[in-house]
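Summary of structural features
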There are 2 protein chains.
Amino acid sequence: MLLAVDLVILTLRAGELHVLLVERGVEPYLGRRALPGGFLNNAEEDILAAAHRELREEADLDGTSLYLEQLGAYGTPGRDPRGRVVSIAYLAIAPGLPEPVAGTDASGASWQPVDAVIAGRLRLAFDHDQIVADGVERARAKLEHTSLATAFCGDTFTIAELQQVYEAVWGVGLDPRNFYRKVQGVPGFIAEAGPDRRTTKGRPARLFRAGVRRTLQPPITRPDL
Amino acid sequence: MLLAVDLVILTLRAGELHVLLVERGVEPYLGRRALPGGFLNNAEEDILAAAHRELREEADLDGTSLYLEQLGAYGTPGRDPRGRVVSIAYLAIAPGLPEPVAGTDASGASWQPVDAVIAGRLRLAFDHDQIVADGVERARAKLEHTSLATAFCGDTFTIAELQQVYEAVWGVGLDPRNFYRKVQGVPGFIAEAGPDRRTTKGRPARLFRAGVRRTLQPPITRPDL
């Protein structure tokens with residue numbers, strides 16, 4: 001039995017939710033897109049440490065500065081043609097990022113729109129379509145009752161940028177005035193970052209940073225679709 | 001590397017949250033209390049199937065009729081003195097149950113108050129204290145935004161019984177009138193079970209069953225402590 005880690009790394013690019021995918025440079029699924037990840041280096045390597053290592057090797061990312069949580073274990077027999085492989089999947093959220101560098105096992109790494117994965121247009125290797133779907137659903141749910149949305153933003157952000165995160169992750173449009181009112185109604189969600197303003201679309205907007213509360217009370221719930 | 005499953009099975013007994021523990025009949029941690037669970041039977045056994053098997057063998061429970069979700073993987077090197085063991089933990093919720101029967105590896109199985117585990121009075125084997133704490137926190141959070149509380153109840157229940165679930169899992173007291181208003185304000189959370197009444201404490205009370213919605217909107221949030 002072999003143990004692996006796989007990474008669902010989400011970020012916002014041009015207002016759309018993207019996931020980092022590599023192109024497999026080895027069999028099985030040679031040439032197919034897949035999540036970054038790999039086997040544990042040895043029997044002594046910690047799972048979380050392996051996730052950090054793969055983030056560094058495959059995506060050139062520093063896990064200590066990212067939001068990172070365990071998504072779950074994927075171990076259905078037959079999910080990997082090489083034998084019994086149990087993969088521990090992690091969800092990572094990255095703020096706006098430079099183009100990723102391809103890692104050791106990967107002949108190419110790139111950000112792909114999550115929609116293309118969910119709609120089945122990319123057909124990832126192994127059970128990675130399912131892992132991406134689970135990661136996105138986790139993020140969607142956590143946006144409701146935690147401050148996870150701020151992990152997609154830089155250190156400071158405008159309310160409009162925060163709204164863009166909610167819209168991209170949930171895949172909906174939101175009314176700006178209503179969104180502003182809801183966000184301001186959650187104590188500790190965000191805090192003013194000082195007197196500076198950011199000018200986008202002509203109007204200077206107030207800057208915020210993540211507040212002290214991780215749990216949103218009241219929560220910000222998805223519109224009923 | 002060995003793969004195991006461990007089960008955090010929660011239930012309500014006498015209005016208190018309990019977890020099923022076994023007394024270990026073998027080394028390591030001989031005689032210490034631990035979560036029910038065990039190694040996968042062979043390289044072909046599915047993880048979820050193993051969780052169902054352990055539920056049956058160690059707790060005489062039918063997993064198909066219980067709420068069951070994966071809690072996560074626990075794989076820190078050194079967590080098991082026998083070597084590298086990665087355990088996939090599951091959270092199961094059981095409605096009111098008969099005394100459990102001891103399973104094959106267990107010299108005794110019993111329901112213990114969760115408070116005693118959280119407070120460190122039982123000192124479970126391996127990292128099972130942490131797994132219990134994680135399972136309880138998962139249940140506490142899910143009571144807010146899902147219909148998980150109904151999994152603790154029988155097929156039909158009174159609002160007072162549902163309130164008892166919230167109070168036991170959150171470890172708080174709640175105002176009955178306020179609770180009633182909140183529960184009734186969530187469409188699809190519960191549904192009237194018919195004209196029958198259940199008489200407890202002298203007054204006949206209306207009976208409900210779980211409704212069609214798994215997600216509570218608006219959610220029922222924990223009081224700020």
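Anyway, here's the lowdown on the structure attached to this text. (Residues numbered from 1 in each chain as written. Chains lettered and ligands numbered in written order. Predicted model: local features only at pLDDT ≥ 70, side-chain atom pairs only at ≥ 80, totals over all residues. Heavy atoms only, no water.)

**Quick look at the side chain of B:Gln163**
Residues and elements named next belong to chain B. To keep things clear, this is the line we draw: The secondary structure listing takes helices from DSSP runs of H or I that are at least 4 residues long and strands from runs of E that are at least 2 residues long, numbered from the N terminus. Three exposure classes are used, based on accessible area relative to the maximum for each residue type with a 1.4 Å probe and protein chains only: buried under 20%, partly exposed in between, and exposed over 50%. N or O atoms within 3.5 Å of each other form a polar contact, as long as, within protein, one can give a hydrogen and the other can take it, and as long as residues adjacent in sequence are counted only when both atoms are side-chain atoms. Contacts: residue pairs with any heavy atoms within 4.5 Å of one another.
Of note, Gln163 is situated in helix α4 (residues 159–170). Looking at Gln163, the relative accessible area reads 8%, which means it is buried. A polar side-chain atom of Gln163 sits 2.8 Å from the main-chain carbonyl oxygen of Leu174. Non-local contacts of Gln163, meaning those with residues more than four positions away in its chain, are made with Leu174, Asp175, Pro176 and Phe179.

**Brief notes about the relation of the copies chain A and chain B**
Cut-off, in case you're wondering: Here the copies were fitted onto each other by least squares, based on C-alpha atoms from residues at pLDDT of at least 70 in both.
Mapping chain A onto chain B calls for a screw motion: a turn of 180° about the axis and a shift of 0.0 Å along it, with 0.0 Å RMSD after fitting. Taken together, these values place the two copies in the relation of a two-fold axis. Residue A:Gly72, judged by its C-alpha, is the member of chain A lying nearest the rotation axis, at 2.5 Å. Of the interface residues in chain A, 100% have counterparts in chain B that sit at the interface too, so the contact is made through matching surfaces.

**Looking at the interface of chain A and chain B**
Many structure descriptions define interface size as the accessible area lost when the parts assemble. How we decide: Values labelled buried area give the accessible surface lost by two parts on being combined, using a 1.4 Å probe and summing over both. Throughout this description, the term salt bridge denotes a Lys or Arg side-chain nitrogen within 4 Å of a carboxyl oxygen of Asp or Glu. Side-chain classes follow a simple rule in which Ala, Val, Leu, Ile, Met, Phe, Trp, Tyr, Cys and Pro form the nonpolar group, Asp, Glu, Lys and Arg form the charged group, and the remainder, Gly included, forms the polar group.
If you look at the interface, chain A gives 26 residues, while chain B gives 26 residues. Carbon and sulfur atoms make up 53% of the surface buried where chain A meets chain B, a total of about 2,000 Å² over both sides. On the chain A side of the interface with chain B, the three residues burying the most area are A:Met1, A:Arg84 and A:Gln217, jointly 25% of the side's total. Counting every contact that joins chain A to chain B gives zero salt bridges. For the interface between chain A and chain B, the tally reads nine residue pairs in polar contact (both at pLDDT 80 or more). When residues of the side of chain A that touches chain B are traced back to their parent elements, those giving at least two are β1 (2–13), β5 (67–74) and β6 (85–93) of chain A. Here the element with the most residues in the side of chain A that touches chain B is β5(A); it accounts for three residues. Looking at side-chain class alone, the side of chain A that touches chain B contains 11 nonpolar, eight polar and seven charged residues.

**Quick word on the packing of aromatic side chains**
The line we're drawing: Centres within 6.5 Å are what make two rings of Phe, Tyr or Trp a pair, Trp counting through its six-membered ring; a difference in plane orientation under 30 degrees is then read as stacked, over 60 as edge-to-face, and the rest as tilted.
What the rule picks out here adds up to six aromatic pairs over all chains. With a centroid separation of 4.8 Å and an interplanar angle of 65°, the aromatic rings of A:Tyr29 and A:Phe126 are classed as edge-to-face. Of the two residues, A:Tyr29 is situated in the loop between β2 (16–24) and β3 (33–34) and A:Phe126 in the loop between α2 (114–118) and α3 (128–145); the sequence distance between them amounts to 97 residues. Taking relative accessible area as the criterion, A:Phe126 reaches 14% and is therefore assigned buried. Aromatic side chains B:Tyr166 and B:Trp170 sit 5.0 Å apart centroid to centroid with 75° between the ring planes, which places their arrangement in the edge-to-face category. With a gap of four residues between them, B:Tyr166 and B:Trp170 both fall in helix α4, about one helical turn apart. The exposure classification of B:Tyr166 matches that of B:Trp170, with both residues buried. Connected via pairs of aromatic rings, a cluster forms that spans A:Tyr166, A:Trp170 and A:Phe179.

Spatial relationships are all this shows, so hold off on functional conclusions.
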